[in-house]
Amino acid sequence: MTGRTHDLAAFTALGYVVATQPIPTISLATGLVAFTANMIGGLAPDIDQPTADLWRRLPVGTLLGKLLAPILGGHRFISHSILGIILFGAFTKFLLNQMSAVLIVDMSVVWWSFMIGYISHLVMDTFTKEGVPWLFPIPIRFGIPPLKIFRITTGGVLEKSFVFPGLIILNIYLYYNYYSQFLSFLKHFVK
Ligand SMILES: [Zn+2]
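Note that the structure is predicted; figures quoted are calculated from it, not measured. (Residues numbered from 1 in each chain as written. Predicted model: local features only at pLDDT ≥ 70, side-chain atom pairs only at ≥ 80, totals over all residues.)

Enquirer: Residue-level account of the overall build of the protein, with values.
Expert: Broken down by element type, the protein carries 8 helices and 0 strands. Start at the N end of the protein and walk to the C end: the helices and strands fall as α-α-α-α-α-α-α-α. Here the C-alpha atoms of the protein give a radius of gyration of 17 Å, agreeing with the 16 Å that 2.2 N^0.38 yields for 191 residues. Overall, the protein is about 45 × 40 × 30 Å in size when its C-alpha atoms are taken along their principal axes. Residues counted as buried form 29% of the 191 residues belonging to the protein. Taking all contacts inside the protein whose residues are at least 6 apart in sequence as the whole, residues at least 24 apart take part in 70%. (Helix = DSSP H or I, 4+ residues; strand = E, 2+ residues; numbered from the N terminus. Rg over C-alpha atoms; globule rule 2.2 N^0.38 Å. Buried ≥ 20, exposed ≤ 12 C-beta atoms within 10 Å, placed from the backbone. Contact = placed C-beta atoms within 7 Å.)

Enquirer: Go over unusual backbone geometry, please, and point to the residues and values.
Expert: Cis geometry is found at the peptide bond from Phe 136 to Pro 137, where omega equals 10°. With respect to the helices and strands, Pro 137 occurs in the loop between helix 6 (107-125) and helix 7 (157-177). Here the amide bond leading from Ile 144 into Pro 145 is cis, since omega sits at -10°, within 30 degrees of zero. As for its placement among the helices and strands, Pro 145 is situated in the loop between helix 6 and helix 7.

Enquirer: Requested: an account of the environment of Phe 11, with residues and values cited.
Expert: Relative to the assigned elements, Phe 11 resides in helix 1 (residues 3-20). On the basis of neighbour counts, which here come to 19 C-beta atoms within 10 Å, the residue Phe 11 falls in the partly exposed class. Remark: the alpha-carbon pair of Phe 11 and Ile 116, spanning 105 residues in sequence, is separated by 8.9 Å.

Okay, structure coming up:
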């Protein structure tokens, strides 16, 4: 999947959680930082790919990407697995704890938002031809549907004409259906 699709998928997953789960009252600053963390989480697993969108969006990103990719084992290895979710989750928690000294926001909300983006990335990649090694280091790549030929090619016609518009429709459905939840969430937003 392309970075654009991952962004939208992360946003959709976050919207779904806000609509269906009890959300604590948060400050506007927390909301904004959490939103950014969600986008970063949605791109973070591709940290193992020097050409990833995440790197291109950072100033010295391309260089950093080239240095980090071999350490993480190349594209779609450890960062695209349950083990990767745990490791990145722990690392992000540590990083946010350090930042909480200077950034006065609810870091647990920010962390959850990052993780929702991260997991949405792996779920989306599962629909692509390459599949996802969920059980790394067990070298099996899982995909939906199991037959590779029916899966999606990254950046292909199916992603652009079906997956991306499909996610937009899902968002419209979400906001239409859970309108009152979103409204009450926004009303209690700035506290
Ligand atoms: Zn990926």
